[in-house]
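The lines below spell out each chain.
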Amino acid sequence: MFDQLEIVEDRYEQLNELLSDPDVVSDSNKLRIYSKEQSDLQKTVDVYRTYKSVKGDIEDAKLMLTETSDKDDQEMLKEEINSLNKRIPELESELKFLLIPKDPNDDKNVIMEIRGAAGGDEAAIFAGDLFRMYSRFAESQGYNIDVVEENISDHGGYKEISFSIQGNGAFSKLKYENGAHRVQRVPETESGGRIHTSTATVAVLPEAEDVELNIKSEDLKIETYRSSGAGGQHVNTTDSAVRITHLPTGVIATSSEKSQIKNREKALKVLKARVYDMMVQEENAKYAEKRKSAVGTGDRSERIRTYNYPQNRVTDHRIGLTIQKLDQIMEGKVGEIIDALTMHEQTEKLEELNNGQL
């Protein structure tokens, strides 16, 4: 572990030198990359330097203890050594967590796609509830939300909706939402008062950056068309909707807001995210298997989380977490679930790190 920490500290010092190099300062791309790398290492270096400082203070206090015969001074030094020794395990534990490899996508914006699955109209209504939940959560984090494409259900909610969430660390918070979500409740249209079970699927894609994904213009087929909707303000009277197809992969993205220029930008952003996600899956079989099992087909049996309205209960099946606060969670207060999932993943990675698997 300490060999790794020395490498991290050396790299941090090297970045300090690079960031003061005139050639780097004049190159905005290099400056951005190096600044971000240094920022990512800052916390680890700070804690490691604190650790080394505490270890040094312990050695100094031990040396002073051997050089004094004053009883009061000896007692004071022993207390200081005891106090400093208690900090060592805490700092070592923090350093282990900081050395866990970070997901390179964690700081990125996300593209989220929610689709009503099993359950007909009730599934679409639930998809709408999930969109509202994520919107409220994003607002509480200071993130921005931008709807890209929506297919509104006649009875409320969405057959499907795609939207972007922009904000530092958005993917790190929302990546755990990837999968099939199940709801158990009595629909408003149900006269018999029977509890129905429906599902909606959520896909969370990291927004691809141009430096990671080079899409050539000749590989894109861009079409405009007149969007359709539920009537009224939803009807587009001009051919402003945009459909973009990535010819090498067949990936398609659409956007049907009022502005054709904005639609091109939004659709291209979603297209890049989908192509990037496809590339990651192809390169990483383990990731691909996780995504397949998480999102699945939206069948009732393939679920990561259940929202039970009669019992005001939410259960995340991956970690066995149950919270009796469904009313609050549907208002966007999902932080407790996200924190638990984050801690679970970090603990698993720490065990792999200790076992030499990372």
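What counts as what
- Residues numbered from 1 in each chain as written.
- Predicted model: local features only at pLDDT ≥ 70, side-chain atom pairs only at ≥ 80, totals over all residues.
- Heavy atoms only, no water.
- Helix = DSSP H or I, 4+ residues; strand = E, 2+ residues; numbered from the N terminus.
- Buried < 20%, exposed > 50% of the residue type's maximum accessible area, 1.4 Å probe, protein only.
- Contact = heavy atoms within 4.5 Å.
- Areas by Shrake-Rupley, 256 points an atom, 1.4 Å probe, with all protein chains shown as cover.
- Pairing = 2+ DSSP bridges.
- Axes fitted to C-alpha atoms, helices over the stretch in contact; angles between N-to-C directions.
- Phe/Tyr/Trp six-rings, centres within 6.5 Å; stacked < 30°, edge-to-face > 60°.
- Lys NZ or Arg CZ within 6 Å of the ring centre and 35° of its normal.
- Parallel < 35°, antiparallel > 145°, perpendicular 65-115°, else oblique.
- Left-handed = near helix turned anticlockwise from the far one by under 90°.
- Nonpolar A, V, L, I, M, F, W, Y, C, P; charged D, E, K, R; others polar.
- Expected span 1.5 Å × (residues − 1).
- Arc of directions from axis to C-beta.
- Polar contact = N/O pair within 3.5 Å; in protein donor to acceptor, adjacent residues only side chain to side chain.
- Salt bridge = Lys/Arg side-chain N within 4 Å of Asp/Glu carboxyl O.

Enquirer: How should I be thinking about the overall build of the protein chain in this particular structure?
Expert: The helix and strand inventory of the protein chain stands at 10 helices and 11 strands. In the protein chain, which comprises 358 residues, the share counted as buried stands at 40%. Taking as baseline every contact in the protein chain between residues at least 6 positions apart, the subset at least 24 positions apart corresponds to 61%. Taken as a whole, the protein chain presents about 19,700 Å² of accessible surface, with 46% of it coming from carbon and sulfur.

Enquirer: Sorry, what's going on with the side chain of E113 here?
Expert: Mapping E113 onto the fold places it in strand β1 (residues 110-116). With relative accessibility at 6%, the residue E113 sits in the buried group. When residues no more than four places from it in sequence are discounted, the contact partners of E113 are I161, S162, T201, V202, A203, L205, V270 and R274.

Enquirer: Please clarify how the sheet that holds strand β2 (residues 144-152) should be interpreted in this entry.
Expert: Whether parallel or antiparallel, the strands of a sheet pair through hydrogen bonds between backbone atoms. Within the open sheet, the 8 strands sit side by side as β2-β3-β1-β5-β4-β9-β10-β11. Their pairing is mixed. Of all strands in the sheet, those with a lone pairing partner are β2 and β11 (321-323), marking the two edges. Mean inter-strand twist for the sheet, computed between neighbouring axes without regard to direction, equals 15°. Docked against the sheet, helix α5 (residues 121-140) engages β1, β2, β3 (158-166), β4 (179-185), β5 (196-206) and β9 (305-308), running at close to 45° with respect to β5.

Enquirer: Help me out: how do you make sense of the packing of aromatic side chains in this one?
Expert: Any aromatic ring pair is given by two values, namely how distant the centres are and how the planes are angled relative to each other. Per the counting criterion, the structure on display carries 3 aromatic pairs. Centroid distance F126 to Y307: 5.4 Å. Interplanar angle 65°. Geometry classified as edge-to-face. On the criterion of sequence distance, the pair formed by F126 in helix α5 and Y307 in strand β9 is long-range, its members being 181 residues apart. Taken individually, F126 and Y307 each receive the classification buried, so the pair is uniform in this respect. Through pairs of rings, three or more aromatic residues link up here, namely F131, Y158 and F163. One Lys or Arg, R185, reaches over the ring of Y309 and ends 4.7 Å from the middle of that ring.

Enquirer: Please clarify how the sheet that holds strand β8 (residues 251-255) should be interpreted in this entry.
Expert: Spatially, β6-β7-β8 is the arrangement adopted by the 3 strands of the open sheet, whose pairing is antiparallel. Sheet topology places β6 (220-225) and β8 at the edges, where each strand pairs with a single neighbour. Taken pair by pair, the neighbouring strands of this sheet meet at an average axis angle of 15°, ignoring direction. Note that strand β7 (residues 241-246) and β8 share 5 bridges and pair antiparallel. Bridging across to β8, R243 finds its partner in T254.

Enquirer: So what exactly am I meant to see when it comes to the packing of helix α3 (residues 28-67) against helix α4 (residues 71-98) here?
Expert: Each pair of packed helices gets described by two things: the angle between the helix axes and the distance between those axes. Where α3 contacts α4, the two axes come as close as 9 Å, and the packing angle between them is 155°. Taken together, the axes of α3 and α4 lie roughly antiparallel to each other. In this structure, α3 meets α4 at a crossing whose hand is left-handed. Considered class by class, the residues forming the contact of α3 with α4 number 15 nonpolar, 4 polar and 9 charged.

Enquirer: What is the right way to read the pairing of strand β10 (residues 313-316) from this model?
Expert: Where a strand is regular, its side chains alternate between the two sheet faces. Taking every second residue as pointing to the same face, both faces of β10 are buried, with R313 and T315 on one and V314 and D316 on the other. Examined bridge by bridge, β9 and β10 share 4 bridges and lie antiparallel to one another. Looking across to β10, one finds that T306 is bridged to T315. In the sheet, β10 pairs with β11 via 3 bridges, with the strands oriented antiparallel. Within the sheet, the bridge partner assigned to T315 lies in β11 and is T322.

Enquirer: Just to check I follow, could you spell out helix α1 (residues 2-18) for this structure?
Expert: Because the α-helix completes a turn every 3.6 residues, residues three or four places apart line up on one side. In this model, α1 (17 residues) spans 24 Å end to end at C-alpha, consistent with the 24 Å of a helix rising 1.5 Å per residue. Among all positions in α1, only L5, V8, E9, Y12 and L15 are buried. Along the long axis of α1, the arc covered by the buried residues comes to 120°, so they all point the same way. Residues D3, I7, D10 and E17 are exposed on α1 and point more than 90 degrees away from its buried face. Close packing links the buried residues of α1 with α3 and α4.

Enquirer: Honestly, the packing of α1 against α3 in this entry has me stumped. Any pointers?
Expert: Between α1 and α3, whose axes approach to 9 Å, the crossing angle comes to 130°. Considering their axes alone, α1 and α3 lie oblique with respect to each other. Two packed elements cross with a definite hand, and for α1 against α3 that hand is left-handed. Taken together, the residues of α3 that come into contact with α1 (itself represented by F2, L5, E6, V8, E9, R11, Y12, E13, L15, N16 and L18) are Y34, E37, Q38, L41, Q42, T44, V45, Y48, R49, Y51 and K52. Along the lines of polarity and charge, the residues of the contact of α1 with α3 split into 11 nonpolar, 4 polar and 7 charged.

Enquirer: When you look at α4 in this model, what are you seeing that I'm missing?
Expert: Taking 1.5 Å per residue as the helical rise, α4 with its 28 residues ought to reach 40 Å, and the 41 Å between its terminal C-alpha atoms agrees with that figure. Within α4, the full set of buried residues consists of Q74, L77, I81, L84, I88, L91 and L95. In this structure D70 caps α4, since a side-chain oxygen of it lies 2.9 Å from the backbone nitrogen of D72.

Enquirer: Hey, could you run me through the pattern of salt bridges in this one?
Expert: Side-chain pairs of opposite charge can arise where the charged atoms are in close proximity. Under the defined criterion, the tally for this structure stands at 23 salt bridges. Measuring nitrogen to oxygen at the nearest pair gives 3.1 Å for the salt bridge that ties R305 to D316. Of this pair, R305 sits in strand β9 while D316 sits in strand β10, and the two are 11 residues apart along the sequence. You can call R305 buried: its relative accessible area is 1%. Among the residues examined, D316 registers a relative accessible area of 1% and is labelled buried. Each of E9, E13, R49 and K52 takes part in a single network of salt bridges with overlapping partners.

Just distances and angles here, no functional claims.
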